[in-house]
Amino acid sequence: MVHHSGSIQSFRQQKGMNTSKSETVKEHPLKPSRRSMPCLAQSQTHPQSLSKHSSFLQPNRVQPQPQPQPLSAGTSTATVDVVSERAKVMETLENNLLKLSNTEYSDPFLDTGKDKDTYTDDSEHGNYDARTDQSLLIQNKLTRQKTEPRTKSSLKADAMASSGLFFKDGKKRIDYILVYKKSSPQVEKRSTFEKNLRAEGLMLEREPAVTNSDIMFVKIHCPWETLCKYAERMNIRMPFRKKCYYTDWRSKTMGSLQRNMRELKSWLPRNPMKLDKEALPDLEETDCYTAPFSRARIHHFTINNKDSFFSNSTRSRIVHHMLQRTKYEDGKSKMGINRLLNNGTYEAAFPPHEGSHKSRHPIKTHGAQNHRHLLYERWARWGMWYKYQPLDLIRRYFGEKIGLYFAWLGWYTGMLIPAALVGLFVFLYGLFTMDSSQVSKEICEANETIMCPMCERNCTLQKLNESCIYAKVTHLFDNGGTVFFAIFMAIWATVFLEFWKRRRAVLTYDWDLIDWEDEEEELRPQFEAKYSQVERVNPITGKPEPFQPFPDKLSRLMVSVSGIFFMISLVLTAVFAVVVYRLVAMEQFASFKWYFIKKYWQFATSGTGVCINFMIIMSLNVVYEKVAYLLTDLEHPRTESEWENSFALKMFLFQFVNLNSSIFYIAFFLGRFAGRPGKYNKLFNRWRLEECHPSGCLIDLCLQMGVIMVLKQMWNNFMELGYPLLQNWWSRRKMKRGGQLMEQKISLPQWEKDWNLQPMNLHGLMDEYLEMVLQFGFTTIFVAAFPLAPLLALLNNIIEIRLDAYKFVTQWRRPMPARATDIGIWYGILEGIGVLAVITNAFVIAITSDYIPRFVYAYKYGPCTDQGYRQEKCLKGYVNSSLSVFDLSELGMGYSGYCRYRDYRAPPWSSTPYEFTLQFWHVLAARLAFIIVFEHLVFGIKSFIAYLIPDMPKDLCDRMRREKYLVQEMMYEAELEHLQRERKKNGKQYHHEWP
């Protein structure tokens, strides 16, 4: 065996092949262990069911043929014939020897005809002077593939090429798509850019569009050698081989108790929320050790198939990395696909989808066509709303950054379940105790209590019992469980964030992101153009780059902050306008012709005010986005991530103030400065300030929160799904108007179908995170006033997950699979909202609700003053105690007698009429004391819980340390075995020690 191998090796050296000796003598494979089996599955791009039912997606398995070097001009024809004849004999002998081997090992550095195959596209029309930096261009001789007669394999290749996933030869998979217009004047930049891409090792092929003669597609394929080279540069972690005795340590060390628990769980009914692993073979546990890819140690890695070793998302990420760093002109900053997209050289750049998301055959019987079809059937369909998300498959198709977003969204939705249940319990508690409430009883039975008029004109005297419905509805949200629920939600927010950190740690470990560090970002073109005259050495790269002086940065930051305050003042102006509307509408509805509106004029005023406020909010959001763009560009951030963080912070501040300013007004200002009968405060000395209802202002706050939350969620869902559907429908309609037949539309290749889809948002996932973070604020900040907010958020998020999934899979082009280890700036914003929620809920309970006045009355002024606090019994007489008396004759409206109003003031017959009573000061002191005690207590509990919950599970820490040790041992063993095989091939004496 060694003798023949030496002959083959000597012949390869005669042919000029740079081939490793380790390819001839094959190693007998170790028996795959239970732990190492998932590694073999992980290296496959498609699941088992995909390969069975979609063979047209797999490229032809062509036996690699050696590519002889071109002969010199002095070589005779006889010599060529002898060499070629000898080559045929030796290749036949080599194939026979390979068949006798027990394993098949392909050398990745073997220059086969398949890897050398390139495609030369048609040249650009028009002549121009190519001014390309010759130092960046590698003069590689491109060879056109030899034409062969059309056989069955060529017909199969044509079928695969027509599917839109391969080049015309049906072998080379499309990893990226560039789109440009033939009428674009940027011909020189585009041609230079594409030449440099070929020089870097990429293969390009042009294809005109079917539906638009001006559109041209550039298909990009990354060969094996280029993938290996850039995978090593980017430190991409890939699975490698392991020893059997390293794989079963977990099962050996696992106690008998854990094994018994697993056996017991196997007898229990299956969790209906879990995904069926038979339907999702890709979701098998991939508990495989990985290491940064290295061409020098490529024999360590598990390579069953070079075409599927790197997943499609990894291939697209490598190509995107190359596109970002390829020059198109001379100069330091003249590189990158982003700049070419900005200047109109290309219209779009995106990785293609893996085929259609629909199939004529059911997935249960015929399997999935591709990963996109699998995601649609097992994730994006509405029928899967109760199932867990296939996070591993989402990450594999869309990348870790989008996978983390859906993981966070799923975790947030799952954590909303206990909050929604507790909030529903508090609401039901108020519902069942509504009729038995002492306060509601007294209001509903107050037939003789006359309330003072609540407006200057057109308002009649009303009896207190006419507010019976408002009192009962208020009790639904303001009852004994309000304080408990506020404390619970403050603790819930902390637990949610702390356990998300643990969940994120597990995901980063499972997705091999523990040791991943973000690459040094390239500078924004606007930053380079602005500060190209001032340079400073980058401490990371050691290269000079443009630098923004500190005085310039500070001045621009001050202008940006001033712009932010100006927009916040604009929000307050809009809120003031709504307040003025409520004051004007209050007088009009009180004298309305319709009896229903005239009777419930307060409800009509609040309802119309909320709707107008919502329309103002949605209108101002459009203005805020443009202003945020302007202010962020004015700051000239250095990199794209800095720009995104600055823009996200501004958008959050604008929309947060825009959404919550009116709610803050109703919660803390409505009715606080209205004055008293006979001495009311007026706006512009004309409109009397609005008072709270006799049952309190909490019902207005609930109405404001409920309407805005529901309407905004409905609008967001329409904009996320309905708007892209309308856009795609309109594009299809324009295609029909252009004379495109239905049959022609069906036969569109995949890249053109993707081109007709909508691109992902310019801000990436910012809009998705912003929507959920604002909802988190609604759920936590005023939850004491609206305990049903977590339930509404839960129902919305169940829909939101499937809406986003449907949008990503069917309506959007496939985004570039980016990597990330966390959710970025949004985690800090969530922590800030959690702190603000504690403060606002303390103020809502103390100031907006009647919890503190009832508490003070029961302990100090009620019938149970000396007997202890006994809830409803001790509140007897509370309504009468909370109402002050006013002499109607002082109004000058022809009334006589007395009326009542909400306040703690002395009666008109006292020595100090209409002055605050001692009870007012007791209530005020109790409110301030409650705020201080509540905040310190809740913050203390939050800090203690955050201290108790570690950021990373202990078993995960032990597993990471264990696997780090095992990786070192296995790399050592693999290198030792490799060197021992080399010794055997060379016939040297074998020793057991390290050579």
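Keep in mind that what you see is a predicted model, and the values were worked out from it rather than measured.

## Section: the packing of aromatic side chains
All chains considered together, the criterion is met by 49 aromatic pairs. With a centroid separation of 6.0 Å and an interplanar angle of 35°, the aromatic rings of F477 and F786 are classed as tilted. Of this pair, F477 sits in helix α19 (residues 468-477) while F786 sits in the loop between α29 (766-780) and α30 (789-811); the two residues are 309 residues apart in sequence, bridging distant segments of the chain. For F786, a relative accessible area of 7% gives the class buried. With a centroid separation of 5.5 Å and 40° between ring planes, the pair formed by F886 and Y914 is classed as tilted. Here the residue F886 occupies a position in strand β15 (residues 883-887), and Y914 occupies one in the loop between β16 (898-902) and α34 (918-948), the gap between them amounting to 28 residues. Comparing F886 with Y914 shows no difference in burial state: the two are buried. Lying over the aromatic face of Y230, R233 brings its terminal NZ or CZ to 4.7 Å of the ring centre.

## Side note on the UniProt feature "transmembrane region" (unreviewed entry) in the chain
Under the feature "transmembrane region" (unreviewed entry), the UniProt entry names residues 405-432, 482-500, 557-580, 600-624, 652-675, 772-795, 823-847 and 924-949. Within residues 482-500, the helical portion is 100% and the strand portion 0%, while the C-alpha atoms at the span's ends are 27 Å from each other. In this annotation, residues 652-675 is assigned 71% helix and 4% strand; the end-to-end C-alpha distance for the span is 36 Å.

## Section: the environment of L557
Checked against the element boundaries, L557 lands in helix α22 (residues 550-590). Each C-alpha atom, one on L557 and one on T632, is 9.4 Å from the other, the two residues being 75 residues apart in sequence.

## Focus: the state of the cysteines
Within this structure, the stated rule accounts for three disulfides. A disulfide bridge connects C452 with C899, and the sulfur atoms are separated by 1.9 Å. Every disulfide takes its handedness from the sign of the S-S torsion; for C452 and C899 that torsion is 80°, giving right-handed. Separated by 447 residues along the polypeptide, C452 in the loop between β7 (450-451) and β8 (462-463) and C899 in strand β16 bring together distant segments of the chain. Taken individually, C452 and C899 each receive the classification buried, so the pair is uniform in this respect. For C864, the disulfide goes to C874, at an S-S distance of 2.2 Å.

## Quick look at α19
The element α19 is extensively covered by neighbouring structure, given that seven of its ten residues are classed as buried. Where α19 is concerned, the buried positions are C468, Y470, A471, T474, H475, L476 and F477.

## Some thoughts on the nonpolar core
In this structure, W379, F398, W408, Y412, W492, F652 and W826 are the most contacted members of the largest nonpolar core, which totals 145 residues. At 15 residues, the largest contribution of residues to this core is made by helix α17 (residues 400-432). With sequence-adjacent residues up to four places away left out, F652 is seen in contact with L770, V773, L774, W826, I829 and I833. Residues Y176, V218, C228 and Y289 belong to the second largest nonpolar core, which totals 40 residues.

## Section: the sheet that holds strand β2 (residues 203-208)
Strand order in this open sheet of four strands is β2-β3-β1-β6, and the pairing throughout is antiparallel. Every other strand in the sheet has two partners, leaving β2 and β6 (348-350) as the edge strands with one partner each. Averaged over all pairs of adjacent strands, the angle between strand axes in this sheet comes to 20°, irrespective of strand direction. Note: strand β1 (residues 176-181) against strand β3 (residues 215-221), six bridges, orientation antiparallel. Note on β3: the bridge partner recorded for Y176 is I220.

## A closer look at a positive patch on the surface
The grouping of R262, K265, R270 and K274 at the surface amounts to a positive patch. Topologically, K265 is positioned in helix α10 (residues 256-267).

## Examining the pairing of β15
Of all five residues in β15, five are buried; the element is thus mostly enclosed. Side-chain alternation along β15 places L883, V885 and D887 on one buried face and S884 and F886 on a second face that is also buried. Two elements, β15 and β16, share five bridges in a ladder whose sense is antiparallel. Looking at β16, one finds that L883 is bridged to R902.

## A look at the pairing of β2
For a regular strand, the rule is simple: side chains alternate between the two faces of the sheet. The pairing of β2 with β3 spans six bridges and is classified as antiparallel. Of the residues in β3, the one forming a bridge with R206 is V218. Taking the residues that link successive antiparallel strands as the turn, the β2-β3 hairpin has six residues.

Parameters and conventions
Residues numbered from 1 in each chain as written. Predicted model: local features only at pLDDT ≥ 70, side-chain atom pairs only at ≥ 80, totals over all residues. Heavy atoms only, no water. Phe/Tyr/Trp six-rings, centres within 6.5 Å; stacked < 30°, edge-to-face > 60°. Helix = DSSP H or I, 4+ residues; strand = E, 2+ residues; numbered from the N terminus. Buried < 20%, exposed > 50% of the residue type's maximum accessible area, 1.4 Å probe, protein only. Lys NZ or Arg CZ within 6 Å of the ring centre and 35° of its normal. UniProt positions renumbered as here; feature names shortened; annotations may be inferred. Disulfide = S-S within 2.5 Å. Core = buried A, V, L, I, M, F, W, Y, C linked by side-chain atoms within 4.5 Å. Contact = heavy atoms within 4.5 Å. Pairing = 2+ DSSP bridges. Axes fitted to C-alpha atoms, helices over the stretch in contact; angles between N-to-C directions. Patch = residues over 30% accessible without salt bridge, like charges linked within 9 Å, V, L, I, M, F, W, Y side chains within 5 Å. Areas by Shrake-Rupley, 256 points an atom, 1.4 Å probe, with all protein chains shown as cover. Salt bridge = Lys/Arg side-chain N within 4 Å of Asp/Glu carboxyl O. Lys, Arg positive; Asp, Glu negative; His and termini not counted. Charge placed at Lys NZ, Arg CZ, Asp CG, Glu CD.

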